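# Commentary on secondary and tertiary structure
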Amino acid sequence: MTASPSDRSDIKVTETGNSFDYSKPYAYEIKGGNRLEGDIEISGSKNAVLGVIAASMMVDGPCTLENVPDISDVHVMFELCRSLGANIEQVDQHTFKIDPTTINTYKASGQLVSKIRASYYLMGALLARCGKASIRLPGGCNFGQRPIDLHLKAFQLMGAKGARPSDIDSGIVNLTADPLHGAKIFFDIVSVGATINAMLAACKAQGKTEIINAAKEPHIVDVANFLNAMGARIKGAGTDVIKITGVPVLPGNFTYSIIPDQIEAGTYMIAAAVTGGDVTIHNLIPTHMEPLSAKMREMGYQIEEGDESIRVYKSSPDDEIYPTSVKTAPYPGFPTDLQPQTVVLLCSARGQSRMHENVWQNRFQYVPELAKMGANINVYERIAWVDGIDSFRAARVEATDLRAGAALVCAALAAKGTTYITEAKRIDRGYEHIVKKLSSLGADIRRVNIEDSYSEDTEA
Ligand code: UD1
């Protein structure tokens, strides 16, 4: 795909620096070409913390969460939990005390629910806590169909009423536990969300539950570890069979620290690589990064693993970068949430690479944006054929979703000239202090208010 000159329209910057205002439309302004160098710390995992916050709503006592990332999706999730009556107190930037014993409703049907996809975890959590849950379906969809049939199937097998798709009333799922009992649940598709939701509901169900063909993502293990710390009896999280023995009470009174964000870490590995940089990324779990590390080594990048760190660099600036083929898959396969950023990396190879998106139906919407920056990519159904280019060029582009936005940031850092990424709010939903972190590595990036509009939507 190539960009037409009209795609490169000018942007009107209205506010910068101290007068910058988050409540107004804004873009990232990135002057590319700086080599990233230095050290960076990874924050707590977005997908883990959203599951853990929802899980904390079904605990029978207070708990403290540490290493909570300071991102807008977390703020929305906390707001949603407060709207249920939960008491949430911020201790410091990354630590929160949560007291769910003050919850006074099983209904979450307002606009907040449709702001984040992970609000669907409140179905499992409130069913377990209140025996009832009345939750609005998360709205919008960014990369193809995002059904919740598997979540509902699990609740139905555990005896919940109102879990048939035909029971959904004006976009609201009304579930009643009658009561919930243990069940054997087989998922014919591996689903992160359905696995977590089934696990939540099963923790307080009567008897034993077995989830077969469960998802194995690191954040599934984190949610299970959190629940076990609160008093649940979950075994096998991280394998494809999870066994849960229901307990009547989850006492809580525990402090739990969220795991590092695998996707944030991968994004910085790619940003370092495409700028020809030398960056050591700390506070990550190297085994979580293996699918990406293996591909990057195959392409010719140097990846040096420490106990909790990875250094990314090229042994010489003239090292050849080789094309490769990547296929996304559930963990421990290649994460779909690193697919767009990896396509940017593939653009830096000499020759043609292939990216096969095997998880989501339609996750290449960002390709026309990348084409405006000079990328040469042809998409056929779920496969993108990526021809290597000498360099990206600056353009005005739009972050079509969170990870697509992260990919555009990587491309802009490597591009010659000044790139503006609009709808940057979508990126701030999942990357803690990204401007500060990249600036500390030598990037020239800032937020600027622009004359533009931002449409509310739902993220992964
Ligand atoms: C989670 C992540 C998202 C990531 C995805 C896959 C969170 C908040 N979001 O999303 O960033 O891209 O995992 O790693 O953790 N499916 C069904 N029926 C269902 C549920 C899912 O058919 O009831 C299908 C989906 O359409 C998709 C596949 O299963 O094709 C995987 O989706 P799933 O793992 O459920 O993704 P999420 O949990 O929504």
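Moving on to the overall build of the chain. Per the secondary structure count, the chain includes 13 helices and 24 strands. For the chain, the spread of C-alpha atoms along the principal axes amounts to about 65 × 45 × 40 Å. Counting over 460 residues, the chain shows a buried share of 56%. In the chain, once contacts between residues fewer than 6 apart in sequence are set aside, the share between residues at least 24 apart is 74%. Carbon together with sulfur atoms contributes 46% to the accessible area of the chain, which is approximately 17700 Å² in total. For the chain, the separation between the mean place of its 46 positive charges and that of its 54 negative charges on side chains is 5 Å.

With that settled, the discussion passes to the nonpolar core. One finds Phe-226 and Leu-227 to be the most contacted residues of the largest nonpolar core, which totals 83 residues. Excluding its chain neighbours within four sequence positions, the residues that come into contact with Leu-227 are Ala-55, Met-58, Leu-200, Cys-203, Ala-232, Ile-234 and Leu-250.

The next point concerns the site of the ligand. Close to the ligand lie 22 residues; Asp-149, Ser-191, Val-192, Asp-337 and Val-359 are nearest. Here an oxygen atom of the ligand sits 2.6 Å away from a polar atom, N or O, in the side chain of Ser-191. Here an oxygen atom of the ligand sits 2.8 Å away from a polar atom, N or O, in the main chain of Gly-193. Notes on the ligand: free accessible area 740 Å², of which the protein chains cover 91%. Assessed atom by atom at 2 Å from the grid points, the ligand resides in the largest pocket. At the level of elements, α4 (149-157) and α5 (192-203) are the ones that each hand at least two residues to the shell around the ligand. Among the residues forming the shell around the ligand, the class breakdown is eleven nonpolar, seven polar and four charged. Residue-level mapping places the shell around the ligand at the junction of two domains, with at least three residues from each of domain 1 (5-43 + 260-450) and domain 2 (46-257).

With that settled, the discussion passes to the packing of helix α7 (residues 262-274) against helix α11 (residues 402-414). Direction vectors running N to C along α7 and α11 enclose 20°, while the axes themselves pass 8 Å from each other. As summarised for this structure, α7 and α11 are arranged roughly parallel, according to the angle between their axes. By crossing handedness, the relation of α7 to α11 is classed as right-handed. Mapping the contact onto sequence places Ile-263, Thr-267, Ile-270, Ala-271 and Val-274 in α7 and Arg-403, Ala-406, Cys-410, Leu-413 and Ala-414 in α11. When grouped by side-chain class, the residues that make up the contact of α7 with α11 number eight nonpolar, one polar and one charged.

Next up on the list: α11. Turn by turn, an α-helix covers 3.6 residues, leaving residues three or four places apart pointing in a common direction. An ideal rise of 1.5 Å per residue puts 18 Å on 13 residues; α11 measures up with 19 Å between its terminal C-alpha atoms. Within α11, twelve of the 13 residues are buried, which leaves the element mostly enclosed by the surrounding structure. Those residues of α11 not exposed but buried are Leu-402, Arg-403, Ala-404, Gly-405, Ala-406, Ala-407, Leu-408, Val-409, Cys-410, Ala-411, Ala-412 and Leu-413. You can read the cap of α11 off the contacts: a side-chain oxygen lies 3.1 Å from the backbone nitrogen of Arg-403, and it is on Asp-401.

Tallying each qualifying case throughout the model produces seven aromatic pairs. Pairing Phe-78 with Phe-96 gives two aromatic rings, centres 4.5 Å apart and planes at 35°, and the pair type is tilted. With a gap of 18 residues between them, Phe-78 in helix α2 (residues 72-83) and Phe-96 in strand β6 (residues 95-99) connect regions that are remote in the sequence. For the pair Phe-78 and Phe-96, a shared accessibility class is recorded, and that class is buried. Taking 5.7 Å as the distance between ring centres and 80° as the angle between the ring planes, the aromatic pair formed by Phe-226 and Tyr-256 counts as edge-to-face. Linking Phe-226 in helix α6 (residues 218-230) with Tyr-256 in strand β14 (residues 254-257), this pair joins segments that are 30 residues apart in sequence. Of the two residues, Phe-226 and Tyr-256, both sit in the buried class. An aromatic cluster is present here, built from Phe-20, Tyr-22 and Tyr-26 joined pairwise through their rings. The ring of Tyr-313 is capped by Arg-311, whose NZ or CZ atom sits 3.8 Å from the centre of that ring.

Tallied over the entire structure, the rule returns 17 salt bridges. In this structure, Glu-264 and Lys-437 form a salt bridge, with 2.6 Å as the shortest nitrogen-oxygen distance. Of the two residues, Glu-264 is situated in helix α7 and Lys-437 in helix α13 (residues 434-440); the sequence distance between them amounts to 173 residues. Comparing Glu-264 with Lys-437 shows no difference in burial state: the two are buried. For Arg-350, the salt bridge is made with Glu-320, and the minimal N-O distance between the two is 3.9 Å. Of the two residues, Arg-350 sits in the loop between α9 (339-347) and β19 (352-356) while Glu-320 sits in the loop between β17 (309-313) and β18 (325-327), which places them 30 residues apart along the sequence. Judged by relative accessible area, Glu-320 falls into the partly exposed class, the value being 38%. Through salt bridges with shared partners, one network takes in Asp-278, Glu-304 and Arg-311.

Where like charges cluster on the molecular surface, the positive patch consists of Lys-184, Lys-208, Arg-233, Lys-235 and Lys-243. You can see Lys-184 is positioned in strand β10 (residues 184-186).

The parts lose accessible area when they come together, and the size of an interface is often stated as this lost area. On domain assignment, one finds that the chain holds domain 1 (5-43 + 260-450) and domain 2 (46-257). Taking the mean C-alpha position of each, domain 1 and domain 2 sit 31 Å from one another. Contact residues are listed per partner, giving 23 residues for domain 1 and 22 residues for domain 2. Here domain 1 and domain 2 share an interface that buries about 1800 Å² over both sides, 50% of which is from carbon and sulfur atoms. The three residues of domain 1 that bury the most area against domain 2 are Tyr-331, Trp-360 and Arg-429, which together make up 33% of that side's buried surface. Our count for the domain 1 to domain 2 interface comes out at one salt bridge. Across the pair Asp-73 and Arg-429 runs a salt bridge, and its minimum N-O distance is 3.2 Å. Taken together, domain 1 and domain 2 are joined by nine residue pairs in polar contact (both at pLDDT 80 or more). Classifying every residue of the side of domain 1 that touches domain 2 gives six nonpolar, nine polar and eight charged.

About the criteria used
- The written sequence of each chain sets the order in which its residues are numbered from 1.
- Predicted model: local features are reported for residues with pLDDT of at least 70 only, side-chain atom pairs are reported and counted for 80 or more only, and whole-chain, interface and lining totals are derived from all residues.
- Based on all heavy atoms of the structure, the side-chain values leave hydrogens and waters out of the count.
- Runs of H or I in DSSP of at least four residues are treated as helices and runs of E of at least two as strands, each being numbered from the N terminus.
- Note on exposure labels: buried denotes an accessible area under 20% of the residue type's maximum, exposed denotes more than 50%, and partly exposed covers the range between, all computed with a 1.4 Å probe on protein chains only.
- Here a residue-residue contact requires only that any non-hydrogen atoms of the pair lie within 4.5 Å.
- The protein chains shown are the only cover counted for residues, whose accessible areas, like all others here, come from Shrake-Rupley with a 1.4 Å probe.
- None of His or the chain ends enter the tally, which takes Lys and Arg as positive and Asp and Glu as negative.
- A charge is said to be at NZ when it belongs to Lys, at CZ for Arg, at CG for Asp and at CD for Glu.
- Nonpolar cores are built from buried Ala, Val, Leu, Ile, Met, Phe, Trp, Tyr and Cys residues. Side-chain atoms within 4.5 Å join them into one set.
- Any residue with a heavy atom positioned within 4 Å of a molecule or strand is treated as near that molecule or strand.
- N or O atoms closer than or at 3.5 Å make up a polar contact, with two conditions inside protein: a donor-capable atom paired with an acceptor-capable one, and, for residues adjacent in sequence, both atoms drawn from side chains.
- Here a cavity denotes a set of grid points, spaced 1 Å apart and computed over the protein atoms alone, in which a 1.4 Å probe fits but from which it cannot get out, and a pocket denotes an open set meeting protein on both sides within 12 Å along at least five of seven lines; residues with an atom within 4 Å of a point are reported as lining.
- Just a note on the criterion: a molecule sits in a pocket or cavity if more than half of its atoms are within 2 Å of the grid points.
- When residues are grouped by polarity, Ala, Val, Leu, Ile, Met, Phe, Trp, Tyr, Cys and Pro land in nonpolar, Asp, Glu, Lys and Arg in charged, and all others, Gly among them, in polar.
- Where each domain starts and ends follows an automatic or database-derived domain assignment.
- Angles run from 0 to 180 degrees between N-to-C directions of axes, and those axes are lines fitted to C-alpha atoms, restricted for helices to the stretch in contact.
- If an angle is under 35 degrees, it is roughly parallel; if it is over 145, roughly antiparallel; if it lies from 65 to 115, roughly perpendicular; otherwise it is oblique.
- By convention the crossing between two helices is left-handed if the near helix lies anticlockwise of the far one by an angle smaller than a right angle, and right-handed if it lies clockwise.
- What a helix is expected to span follows from its residue count: subtract one and scale by 1.5 Å.
- Classification of ring pairs rests on two measures: the distance between centres of Phe, Tyr or Trp rings, Trp counted by its six-membered ring, which must be within 6.5 Å, and the angle between planes, read as stacked under 30 degrees, edge-to-face over 60 and tilted in between.
- Only when the NZ of Lys or the CZ of Arg is both within 6 Å of the ring centre and within 35 degrees of the ring normal is a charge said to sit over the ring.
- Basic side-chain nitrogens of Lys or Arg form a salt bridge, by our definition, when they fall within 4 Å of a carboxyl oxygen of Asp or Glu.
- Exposure above 30% relative accessible area and the absence of a salt bridge qualify a residue for a patch, where like charges join within 9 Å and nonpolar side chains (Val, Leu, Ile, Met, Phe, Trp, Tyr) within 5 Å.
- Buried area counts how much accessible surface, traced with a 1.4 Å probe, disappears from two parts once they are put together, with both parts' losses summed.

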